[in-house]
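# Structural description and commentary
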Amino acid sequence: SIAVLAFELIAGVKPFNGESMSSLLFNIVFKDPLSVSELNATLPPAVESVLRKALSKEPSDRYPNCTQFVKALRAACETKATWRPNRTVRGTSAT
């Protein structure tokens, strides 16, 4: 989903992890995503809320469409001009 891509671009890692495919799938279905604010301390607090909503387990709790999500994410990011995305190196965070 675009929310997973946005999370990874901003945080430098995917929102869910697992040591095997089955543990990854379990985490996607039953666990909350990693905290983007803990992974990237430069983010405005509103980004965490936007990404959590976009990654909600319940489809009716998510944004109704991609345009609404992108608008909300952009507005959240614009509340703090000094934030920076984390850089990744071969799939790991390297801030």
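Everything numeric here is computed off the predicted structure, so don't read it as measured data.

## Side note on the nonpolar core
Formed by 19 residues in total, the largest nonpolar core has its most connected members in Ile10, Val36, Val47, Val50, Leu51, Phe69 and Leu73. Within the residue set of this core, elements represented by two or more residues are helix 1 (2-11), helix 4 (45-54) and helix 5 (66-77). Those residues in contact with Val36 that lie beyond four places of it in its chain are Phe7, Ile10, Ala11, Leu43, Val47, Glu48 and Leu51.

## Description of the packing of helix 4 against helix 5
Relative to each other, helix 4 and helix 5 sit at 165°, their axes nearing to 8 Å. With respect to helix 5, the axis of helix 4 lies roughly antiparallel. Classified by chirality, the crossing of helix 5 by helix 4 is left-handed. Judged by residue contacts, Ala46, Val47, Val50, Leu51 and Ala54 of helix 4 engage Phe69, Ala72, Leu73, Ala76 and Cys77 from helix 5. Residues belonging to the contact of helix 4 with helix 5 are distributed by class as follows: ten nonpolar, no polar and no charged.

## Details of the side chain of Ser56
Position of Ser56 relative to the elements: it lies in the loop between helix 4 and helix 5. Among residues more than four places away in sequence, those in contact with Ser56 are Asp61 and Arg62.

## A few points about the packing of aromatic side chains
Overall, the coordinates contain two aromatic pairs when judged by the stated rule. Ring plane angle 40° and centroid distance 4.9 Å describe the contact between Phe26 and Phe30, whose orientation is recorded as tilted. With a gap of four residues between them, Phe26 and Phe30 both fall in helix 2 (residues 21-30), about one helical turn apart. Its relative accessible area of 42% is what places Phe26 among the partly exposed residues. For Phe30, a relative accessible area of 59% translates into the label exposed. Between the aromatic rings of Tyr63 and Phe69, the centroid separation amounts to 5.8 Å while the plane-to-plane angle is 50°, which identifies the pairing as tilted. Per residue, the accessibility class of Tyr63 equals that of Phe69, and both read buried.

## A closer look at a nonpolar patch on the surface
Taken together, the side chains of Met21, Leu25, Phe26, Ile28, Val29 and Phe30 define a hydrophobic patch exposed on the protein surface, amounting to about 620 Å² of accessible area. Looking at the secondary structure, you find Val29 in helix 2. Look at Val29 and you get partly exposed, because its relative accessible area is 48%.

Conventions adopted
Numbering of residues starts from 1 in every chain and runs along the sequence as written. Totals for whole chains, interfaces and linings use all residues, but because this is a predicted model, local features are given only for residues with pLDDT of at least 70 and pairs of side-chain atoms are given and counted only at 80 or more. Only hydrogens and water are set aside; all other atoms, that is, all heavy atoms of the structure, feed into the side-chain values. What makes a nonpolar core is a set of buried Ala, Val, Leu, Ile, Met, Phe, Trp, Tyr and Cys residues whose side-chain atoms join them at distances within 4.5 Å. Under the scheme applied here, a residue whose accessible area is under 20% of the maximum for its type counts as buried, over 50% as exposed, and between as partly exposed, the area being computed with a 1.4 Å probe on protein chains only. Here a helix means four or more residues in a row that DSSP labels H or I, a strand means two or more in a row labelled E, and each is numbered from the N terminus. Contacts are residue-level and defined by heavy atoms, with any inter-residue pair within 4.5 Å sufficient. Orientation is described by axes fitted as lines to C-alpha atoms, over the contacting stretch for helices, and by angles from 0 to 180 degrees between their N-to-C directions. Relative orientations are named as follows: roughly parallel for angles under 35 degrees, roughly antiparallel for angles over 145 degrees, roughly perpendicular for angles from 65 to 115 degrees, and oblique for any other angle. For any helix crossing, the convention is left-handed if the near helix is rotated counterclockwise from the far helix by under a right angle, and right-handed if that rotation is clockwise. Asp, Glu, Lys and Arg are counted as charged, while Ala, Val, Leu, Ile, Met, Phe, Trp, Tyr, Cys and Pro are counted as nonpolar; the rest, among them Gly, fall into the polar class. The rule is short: rings of Phe, Tyr and Trp, with Trp giving its six-membered ring, pair when the centres are within 6.5 Å, and they are stacked under 30 degrees, edge-to-face over 60, tilted in between. Within this analysis, patches are made of residues with over 30% relative accessible area and no salt bridge. Like charges are joined at 9 Å or less; nonpolar side chains (Val, Leu, Ile, Met, Phe, Trp, Tyr) at 5 Å or less. Throughout, the Shrake-Rupley method with a 1.4 Å probe supplies accessible areas, and for residues the shown protein chains are the sole cover considered. Criterion for a salt bridge: a side-chain nitrogen of Lys or Arg within 4 Å of a carboxyl oxygen of Asp or Glu.

Nothing here speaks to function; it is all geometry.
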